[in-house]
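One letter stands for each residue in the lines below.
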Amino acid sequence: MPSSTDLPFTIRETLEATTLLWSPKPLTYKGAAPALNAADRFYFNGRSDQFDAAKGSTNPDNARFDPEGIRVTADGKSVFISDEYGPYLYQFDRSTGQRLKSFVLPAEFAAAHLSSKGDEEIAGNASGRVANKGMEGLAITPDGQTLVGIMQSPLGQDGGAKAPYVRILTVDIASGSTHEYAYGLNNIGTAEKPKYAGISEIVAVNDHQFLIDERDGKGRGAGGEPVFKTLFLIDLAGASDVSGLSGAEALAGKAVTKTVFLDMVAGLKASGVASDAIPEKIEGVSFGPDVTLNGMAIHTLWIASDNDFLSTLDGKPNPNSVFVFGFSDADLPGYIPQILAK
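Definitions and cut-offs
Residues numbered from 1 in each chain as written. Predicted model: local features only at pLDDT ≥ 70, side-chain atom pairs only at ≥ 80, totals over all residues. Heavy atoms only, no water. Core = buried A, V, L, I, M, F, W, Y, C linked by side-chain atoms within 4.5 Å. Buried < 20%, exposed > 50% of the residue type's maximum accessible area, 1.4 Å probe, protein only. Helix = DSSP H or I, 4+ residues; strand = E, 2+ residues; numbered from the N terminus. Contact = heavy atoms within 4.5 Å. Pairing = 2+ DSSP bridges. Axes fitted to C-alpha atoms, helices over the stretch in contact; angles between N-to-C directions. Polar contact = N/O pair within 3.5 Å; in protein donor to acceptor, adjacent residues only side chain to side chain. Salt bridge = Lys/Arg side-chain N within 4 Å of Asp/Glu carboxyl O. Phe/Tyr/Trp six-rings, centres within 6.5 Å; stacked < 30°, edge-to-face > 60°.

Asks: Pulling in residues and values, what's your account of the nonpolar core?
Replies: With 22 residues, the main nonpolar core has Leu-211, Leu-231, Phe-261, Phe-287, Leu-301, Ile-303 and Leu-332 as its most contacted residues. When residues of this core are traced back to their parent elements, those giving at least two are strand E13 (229-235), strand E14 (257-263), helix H3 (264-270), strand E15 (282-293), strand E16 (296-305) and strand E19 (322-327). Discounting residues that sit within four places of it in the chain, Phe-287 has contacts with Val-203, Ala-204, Val-205, Leu-211, Thr-300, Leu-301, Trp-302, Phe-327, Leu-332 and Tyr-335. Formed by 18 residues, the second largest nonpolar core is a distinct cluster that contains Val-166, Ile-168, Ile-202 and Ala-204.

Structure (structure tokens):
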């Protein structure tokens, strides 16, 4: 796989517009509602206390919203966004920001007892998503028909943040029907020395294979030596649907097959990126345009970091970073790009 420094790219990031997300129906706020609200326009926000305590965490009328994954619809007119508070999975109009659809997720993903403080919420729930570790990654199949989300960490009933299996959820966009699959974590360490593994992203290779970003919490922004930031190739074809199963023991032996596709730490170092410049949170993964390199067509894979809005940290620059890797058909057989309407 060519290194990022080999590719004929000059990357220049430009903010072209900002689109705020809103609902045409009232949302639950605590305290003052956003000043931009109107009679038929209610804006989402990132405040952790914007929820109805009488309803579960997947209640679509909550105003709190922490977007994590985003994918464009096949017609290019709207986007699907996943979040870690609910978890929620919504569809928004790209030009206006209006919420067009809210998908109903399986009940086992919801936390029943809500708090604006993560530790309190974790302590109050034995099932559902762990606080601040909801649906972190989102993919869309190249045909635009299926959404595939993945949780950042295991559900409470599956053992919580230190357990070995996270859930993948597929959603048929037209019907809303769902399936669940188990993904076995690699970077879990031992009971005596856990590594608190986490998932940050998923992207579709075709209608049944996906790349999953599994990483440690080390690197620029957190300190420590980054060691484990890996893209794994998984295949849902023939995988066991684990809907209705609960607990790590029930999921054992049913995880999807996985192989290493890219060791991002090794790849970045080989491209000249210093260890202390590798971000802790490598969280965005998307396929980009093809390029020609030495007379051969090369597909591109764009990988982005999240600096949590901290442009500097401990007096040092802490920028968001975008890294581009190239790969051939031989590197990833079966790759099918998503074709967007123009």
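Asks: Break down the sheet that holds E15 for me, with residues and values.
Replies: The strand order E15-E16-E19 describes an open sheet built from three strands, whose pairing is antiparallel. Each having just a single partner strand, E15 and E19 make up the two edges of the open sheet. Across the sheet, the axes of successive neighbouring strands diverge by a mean angle of 25°, strand direction being ignored. Two elements, E16 and E19, share six bridges in a ladder whose sense is antiparallel. Across the sheet, Trp-302 pairs through a bridge with Val-324, a residue of E19.

Asks: Can you lay out the side chain of Asn-318 for me, pointing to particular residues and giving the numbers?
Replies: The topology assignment puts Asn-318 in the loop between strand E18 (316-317) and E19. Reaching out from Asn-318, the side chain makes a polar contact with the backbone oxygen of Leu-310 at a distance of 2.8 Å. If we ignore the near neighbours within four places in the chain, the residues touching Asn-318 are Arg-220, Gly-221, Asn-307, Leu-310, Ser-311, Thr-312 and Leu-313.

Asks: Please give an account of the pattern of salt bridges that cites residues and values.
Replies: Taken as a whole, this structure holds eleven salt bridges when the rule is applied. Across the pair Glu-201 and Arg-71 runs a salt bridge whose closest N-O atoms are separated by 3.4 Å. In this pair, Glu-201 is assigned in strand E11 (residues 198-204) and Arg-71 in strand E3 (residues 67-72), connecting sequence segments 130 residues apart. No difference in accessibility class separates Glu-201 from Arg-71, as the two residues are buried.

Asks: I'd like a rundown of the sheet that holds strand E9 (residues 165-172), residues and numbers included.
Replies: What the four strands build is an open sheet, ordered E7-E8-E9-E10; its pairing is antiparallel. If you trace the sheet from one side to the other, it starts and ends with strand E7 (135-140) and strand E10 (178-184), each paired once. Here the average twist between neighbouring strands, direction ignored, is 25°. Alignment of E9 against E10, held across seven bridges, turns out to be antiparallel. Counted as the bridge partner of Val-166 is Tyr-183 from E10.

Asks: Outline the environment of Gly-118, supporting the account with residue identities and numerical values.
Replies: Tracing the chain through its elements places Gly-118 in helix H1 (residues 118-123). Taking C-alpha positions, Gly-118 is 27 Å from Arg-71, a pair spaced 47 residues apart along the chain. When near neighbours in sequence (up to four residues on either side) are disregarded, Gly-118 contacts Ala-131 and Asn-132.

Asks: For the packing of aromatic side chains, give the residues involved together with the corresponding values.
Replies: Per the counting criterion, the structure on display carries 14 aromatic pairs. With centroids separated by 5.4 Å and ring planes inclined at 45°, the aromatic side chains of Phe-44 and Phe-65 adopt a geometry described as tilted. Note that Phe-44 is positioned in the loop between strand E2 (42-43) and E3 and Phe-65 in the loop between E2 and E3, a separation of 21 residues in sequence. The exposure class of Phe-44 is buried, given its relative accessible area of 11%. With a relative accessible area of 5%, Phe-65 lands in the buried category.

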